[in-house]
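Listed below are the residues making up each chain.
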Amino acid sequence: MTKPIVEICELTKVFPTTEGDEKRAVDGISFSVEPGQIFGLLGPNGAGKTTTLRMISGLLTPTSGTMHLNGHDVRARRLEAKRSLGYLTASTGLYQRLTPRELLHYFGELIGLDKPAIKKRLEELVEWLDMASFVDLRCGGLSTGQKQRTNIARALMGDPPILVMDEPTLGLDVLTNRVVLDFIRAEGAKGKAIILSTHYLDEAEALCHQYGLIHEGRLVGRGDLAALQEKAGRRRLSEIFLALCGQDEHVLAGVPEGGSNRALGMEYPKEGGRS
Amino acid sequence: MRRYRRVWTVYRKELIESLRDRRTLMAMVLVPLVLYPVLMLVLVQALRSETGRQERQNYTIVVPNEAHRRWLESVWAREEEEREARKAEVEQLAKASDREVEDAMAALRTEIGAKQITIEVAEPGLSLWDLVSEQRYDVAVLAEPVPDHENFADHENLIVQILYSDTDPLSEVLFRQLNYILDHESLRIAKAKVTALSGNDNILSPLRVNNLSTTSPDRQLAKALALVVPFLLVTMTITGAIYPAIDLTAGERERGTLETLAVSPVPSGQIVAGKFGVIVTIAMVTTMLNLASMTAVLHFGGLGKLFAGRQPTAKSEALAVEAMISNQDSASSAVLQRQALLDNLNRRRGLEGEAEQRVGFVTTAAPIVLLAMVPFAVLFGGIMLAVCSFARTFKEAQNYMVPVMMSAIVPGLIVSYMPTIRLEGPMLVMPVANIVVLMRELFLGNFDLAAMSICLLSTCFYAAVAVIVAVRVYGNEAVLFSDVGNYKTLVLRKFIRPQAYPPAAFALLTVAVLFPLNFYAQSSLIKADAGPTQNLSVIAGTQLFLFAMPVIFLAWYMKLDFRRTFSLHVPGPFPIVGTLLVAASVAPVSNLLQRIQFHFFPLSDGALKLMEQQQEMLFGDPSLWLSLVVLALLPGICEEVLFRGFLLGGVRQRSSTFQAVLVVGLIFGLYHVDAAKVPVVSLMGMLLTFVCLRTGSIYPAVLIHIVNNGLGIASTKFPDLKSFFGLSEELVVQSRTIVFIMLFVIGLLFLMKRRGSSAP
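Please read all numbers here as calculations on a predicted model, not as lab measurements. (Residues numbered from 1 in each chain as written. Chains lettered and ligands numbered in written order. Predicted model: local features only at pLDDT ≥ 70, side-chain atom pairs only at ≥ 80, totals over all residues. Heavy atoms only, no water.)

## Some words on the overall build of chain A
For chain A, the count of helices and strands is 10 helices and 10 strands. Looking at chain A residue by residue over its 275 residues, the buried ones come to 55%. Element-wise, carbon and sulfur atoms account for 49% of the exposed surface of chain A, whose accessible area totals about 11800 Å². (Helix = DSSP H or I, 4+ residues; strand = E, 2+ residues; numbered from the N terminus. Buried < 20%, exposed > 50% of the residue type's maximum accessible area, 1.4 Å probe, protein only. Areas by Shrake-Rupley, 256 points an atom, 1.4 Å probe, with all protein chains shown as cover.)

## As for the nonpolar core
One recurring pattern in soluble globular proteins is that nonpolar side chains are buried together. A:I184, B:F376, B:F461, B:F643, B:L647 and B:Y671 are the most contacted members of the largest nonpolar core, which totals 178 residues. Per element, the largest residue contribution to this core is 14 residues, and it comes from helix 24 (residues 624–651) of chain B. Residues lining this core come from more than one domain, with at least three contributed by each of domain 1 (2–39 + 219–308 + 361–481) and domain 3 (513–523 + 539–753) of chain B. Ignoring anything within four residues of it in the chain, the contact list for A:I184 reads A:I38, A:M165, A:P168, A:I194, A:L196 and A:L207. Within the second largest apolar cluster, 31 residues are counted, among which are A:M55, A:L59, A:V74 and A:I162. (Core = buried A, V, L, I, M, F, W, Y, C linked by side-chain atoms within 4.5 Å. Domains from an automatic or database assignment. Contact = heavy atoms within 4.5 Å.)

## A few points about the interface of chain B and chain A
Accessible area lost upon the coming together of the parts serves often as the stated size of an interface. Between chain B and chain A, the residue contacts involve 37 residues of the former and 35 residues of the latter. In this assembly, chain B packs against chain A so that about 3400 Å² is buried in total across both faces, 57% of it on carbon and sulfur atoms. Put simply, the parts of the chain that give the side of chain B that touches chain A at least two residues each are helix 1 (2–19), helix 7 (217–254), helix 8 (258–263), helix 17 (477–480) and helix 18 (488–491) of chain B. With 9 residues, helix 1 of chain B is the single largest residue contributor to the side of chain B that touches chain A. Split by residue class, the side of chain B that touches chain A holds 12 nonpolar, 7 polar and 18 charged. (Buried area = accessible area lost by both parts, 1.4 Å probe. Nonpolar A, V, L, I, M, F, W, Y, C, P; charged D, E, K, R; others polar.)

## A word on the packing of aromatic side chains
Scanning the model with the defined rule gives 26 aromatic pairs over all chains in all. Seen from their ring centres, B:F562 and B:F566 are 5.6 Å apart, and the 40° between their planes marks the pair as tilted. Assessed through its relative accessible area of 33%, B:F562 is described here as partly exposed. What links up through ring pairs into an aromatic cluster is the set B:F461, B:Y462, B:F515, B:F547, B:F643, B:F668 and B:Y671. For the cation-ring pair, A:K190 lies above A:W128, with the distance from its terminal atom to the ring centre recorded as 4.1 Å. Its end group placed over the ring of A:Y95, B:K13 keeps NZ or CZ at 3.2 Å from the ring centre. (Phe/Tyr/Trp six-rings, centres within 6.5 Å; stacked < 30°, edge-to-face > 60°. Lys NZ or Arg CZ within 6 Å of the ring centre and 35° of its normal.)

## Structural notes on the pattern of salt bridges
One pass over the full model with this rule turns up 36 salt bridges over all chains. For A:R101, the salt bridge identified is with A:D136, shortest N-O distance 2.9 Å. Of this pair, A:R101 sits in helix 3 (residues 100–111) while A:D136 is found in the loop between helix 4 (115–128) and helix 5 (144–156), placing the two residues 35 residues apart along the sequence. A relative accessible area of 36% means that A:R101 is categorised as partly exposed. A relative accessible area of 48% places A:D136 in the partly exposed class. B:E185 serves as the salt-bridge partner of B:R188, at 3.0 Å between the closest nitrogen and oxygen. One end of the pair is B:R188 and the other is B:E185, both in helix 6 (residues 169–198) and 3 residues apart, which spans about a single turn. (Salt bridge = Lys/Arg side-chain N within 4 Å of Asp/Glu carboxyl O.)

## What about the pairing of strand 4 (residues 64–69) of chain A?
All names here are of chain A. The side-chain alternation of strand 4 yields one buried face, formed by G65, M67 and L69, and one unburied face, formed by S64, T66 and H68. Two elements, strand 1 (residues 6–16) and strand 4, share 5 bridges in a ladder whose sense is antiparallel. In the sheet register, I8 faces strand 4, and the bridge partner there is M67. When strand 4 meets strand 5 (residues 72–73), the two strands line up antiparallel, connected through 2 bridges. Of the residues in strand 5, the one forming a bridge with L69 is H72. The turn joining strand 4 and strand 5, which pair antiparallel and follow one another in sequence, is formed by 2 residues; a positive phi near 55° is taken by N70. (Pairing = 2+ DSSP bridges.)

## Some points on a nonpolar patch on the surface
On the surface, B:V402, B:M406, B:V410, B:L413, B:I414, B:Y417 and B:M418 cluster together into a nonpolar patch covering about 670 Å² of accessible area. Turning to its location among the elements, B:M418 is positioned in the loop between helix 14 (394–416) and helix 15 (433–443). (Patch = residues over 30% accessible without salt bridge, like charges linked within 9 Å, V, L, I, M, F, W, Y side chains within 5 Å.)

## Points about the environment of B:R472
Residue and element names in this part refer to chain B. Topologically, R472 is positioned in helix 16 (residues 449–475). Owing to a relative accessible area of 40%, R472 belongs among the partly exposed residues under this scheme. A sequence separation of 204 residues divides R472 from S268, and the C-alpha atoms of the two residues are 8.5 Å apart. Contact partners of R472, with chain neighbours within four places excluded, come to P503, A505 and R654.

## Looking at the sheet that holds strand 2 (residues 22–33) of chain A
Strand order in the open sheet made by the 4 strands is 2-1-4-5 (chain A), with antiparallel pairing throughout. Two strands bound the open sheet, and with one partner strand each, they are strand 2 and strand 5 of chain A.

## A few points about the sheet that holds strand 9 (residues 210–215) of chain A
Residue and element names in this part refer to chain A. Here 6 strands make up an open sheet; going across it, the order is 6-7-8-3-9-10 and the pairing mixed. The strands lining the two open edges of the sheet, one partner per strand, are strand 6 (85–89) and strand 10 (218–223). Direction aside, the axes of adjacent strands within the sheet are offset by 15° on average. Two elements, strand 6 and strand 7 (residues 162–166), share 5 bridges in a ladder whose sense is parallel. Looking across to strand 7, one finds that G86 is bridged to L163. (Axes fitted to C-alpha atoms, helices over the stretch in contact; angles between N-to-C directions.)

## A few points about the packing of helix 22 (residues 573–600) of chain B against helix 27 (residues 699–717) of chain B
Residues and elements named next belong to chain B. Following both chains from N to C, one finds helix 22 and helix 27 inclined at 35°, their axes separated by 9 Å at the closest point. Every pair of crossing elements has a handedness; the one defined by helix 22 and helix 27 is right-handed. Of the residues in helix 27, those touching helix 22 at T579, L580, V582, A583, V586, A587 and S590 are P700, L703, I704, V707, N708 and L711. (Left-handed = near helix turned anticlockwise from the far one by under 90°.)

## So, unusual backbone geometry
All names here are of chain B. In this structure, the amide linkage connecting E144 to the following residue, P145, adopts the cis form with an omega of -5°. One non-glycine residue, N157, lies in the positive phi region at around 50°. Residue placement: N157 occurs in the loop between strand 3 (139–144) and strand 4 (159–163). Looking at N157, the relative accessible area reads 75%, which means it is exposed.

## What about the environment of B:I698?
Residues and elements named next belong to chain B. Counting through the fold element by element, I698 comes out in the loop between helix 26 (678–695) and helix 27. Along the sequence, I698 and V570 sit 128 residues apart, while their C-alpha atoms lie 8.7 Å from each other. Apart from the residues within four sequence positions on either side, I698 is in contact with F566, S567, L568, E640, V641, R644, G645 and C692.

## What to know about helix 14 of chain B
Residue and element names in this part refer to chain B. Taking 1.5 Å per residue, 23 residues should reach 33 Å; helix 14 reaches 32 Å between its end C-alpha atoms and fits that length. Roughly 25° is the biggest bend found in helix 14, and it falls at M401, with proline P403 one to four residues downstream. Listed as buried for helix 14 are F394, E396, A397, M401, V404, A408, I409, P411, G412, V415 and S416. (Expected span 1.5 Å × (residues − 1). Bend = angle between axes of the 7 residues up to and from the residue.)

## Some details on the confidence of the model for chain B
All names here are of chain B. A residue-level look at chain B finds 80% of positions with pLDDT of 70 or above and a mean pLDDT of 78. Scored below 50 in pLDDT, residues 307–313 shows 15 contacts in the model against residues more than four places distant or in partner chains. For residues 353–361, every residue scores under 50 in pLDDT, and the model assigns this stretch 15 contacts once sequence neighbours within four places are set aside. (pLDDT = per-residue confidence, 0-100.)

If you want it as structure tokens, here you go:
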């Protein structure tokens, strides 16, 4: 086993609420990811996935717990930690009035690359993501797929060893979806550590090596598929999830195998993928 | 170095992006370049065409009988005759001076000729009043007794009544014209009678008043501009900055790019700095274009000419009159006098042309005005950035911008309507208003360096606080992600977590808010005629209620650690010795510095007098103890609680000792608004800050402060004390002064020797 590049230990985030009490959005989560591994953080909406990923990316300050990215403590050496991380969500926007080339150049400079390095990296990414046809058009006029490719290129600009992706395929069409999934797989194969959050379980099952099942701010299951199957005594991810959350009985009643479970906001579509 | 390169990167990108935004471009370029010429054209054209229309219009007058009609017609004829004569004179003058002379004002004055007037006799039995009020006629004229048009010059005490309607524009125009014409008629009759009696009509003008302004025409134009331009510029600057400010903050959040920026390895301070730079740049470019456009309109458009046409070349005229006075004995002849006046008239026309060219002066004032706009743009750039950072969407930000705009426009507007407000007193530090007044003073050519620097410094201070707040707001979690928390959690006490120190931005904001309040309190409540006791109580009040209480309350509200925030620690033995030495020697040293300053930059007599007056106001009290308590003990405690306690507690977490000493010292100096004292008081503030940081305790600073103030007061009563400490009013370095300086230095060395029991 290689040394983990991402180490999260007892991560907790407490938000005050207007009613005066506290909400523990994330409650003592620990996991680690090795280079080349794709770690799937799975759970329904509001489980704490986004909050966890935002803390890892340095966007939120945790209430307690430690995080190390590429050997840097996220709280003490925030900038170094951020430098070894690429961040992508389906909702991240682009600067409408810049072209992808200008945008990538901008983020390259923010990361601290020098001009020749930016140029080289830009050309690599344009070729790899097939962006040549639109790299000099304003982002405002790009199609969703072109936008998401630009976004991927932005996250990869500094060639970070760690990628954090929060619902990267949420609301994308089938074609764009495919681009993103291919990219995740390819980057994993290149040896990057990838943390992926999603509530599409089929996607996760096809991609991830390791899983963290999160429910109400806590990790209810962790490990590879085999370990989870063993722990829950079920075969498919959705069943495992429901079993581990203790929501087995009343939610499953009357729902056929492989159906969707709206109550938990988990989608597990039948053959043919989502529309 | 890298830091600045990143700020530059952010700046360049945001600027490019903003310049590609149509809305920004509109406000920045299109509005100023097109607005003023159009406004100008429309205004002049409207005026001219209105005059023209009035002159083309046909008017009806109703009179009670035929005699009235004939009389009125004859009056009109005589008026027209006079008009022709005047026109001929102007033409003659034009020929004589060999230039085209346009009677600019005449072009804007309505002159209704006899041709446009229809005078009808009312049908018997109809009331003139009704005819006018029903708008069948524009005006009714009726005279008592019935006028005689053949012997018009015999009228005496003829009562002429004009009935008109206020709400009917034609009626009003005609009514004014009639008034004007009848005045002339009255004068004509008087002139004719007087001439018949005494041979000339000089008796009618026993006094010929000629108003001559000693201000040159360009200055007069400047005065007119000074009332309007600053306000316009302030408004335009804000308008230019508003879109980039919203777009760079709330717009970025709304479009989801803020997250990508926040995950990049750049401190939020650098991002905000870059954005702030763009807002200020765009605001300044807008201002520049506005100013350029205004200048161009004045230069090429009709207004400058119009203005120049009105300026009397007062000086030559006045000199001619003076010459006439000195020749009084020989020149009693009216002929000579007339010639001189006509001569003057000619010269005036010639010089008017020159004045016209001098309108170009605006071009020379422009750079200075522009310079004065920089701090303003900086201030509002900061405020807008901070306010917009709170907004989650573009729309929300636009709503927030309304009060911000009002806060800039309303003071500007008020000040524009009060031409007598000068740059002095509270006006010096009144945000926004001081810039408007400053610009006006610049336009009028008044350069008071001390006042200007306070005005600019205070604006920069507000701006710096605004930017720091913007950085804090920008990095805040609840603001970064709309789903994370409610604003209530930022404000209500029950959500505030106990912390050791106030946040730096918050401490600065507090001081910035208290600053003008203190200023107003002091300058409005301390009056020369109020007597020392009342003035002292005002000072005691401000010390307690503005300096000490608010920050103590805030410290409680924010659940701060009082011991740490206010440095309530007992210093170690070395610092105690050092403190005592410094306290013993601080008064002579600061006195020496003050004398050095006054030696090289002597005070003007006015300032000196003011200072003496102030001393009289405060120290004239018979009770030394009261003065000591209010002017030494209270400031020593209250000012230290605010500056060395709350402010330093906030500032020192984020800055080096050097930075903290500099910032807190300068702010302390600024609070003592008297410009002449700012340098030495700032140094004093730096010393106190340094002592507090070194010893980790506020007590030494309190002691030194009290002793310094106390000795200054006590020495005014006890000459012995004054001579013992060498508190001379001249710049003389006595041997004892050198001893005190040495004591001071040794004291400082003691203080530097070891850190006190300061908490880390």
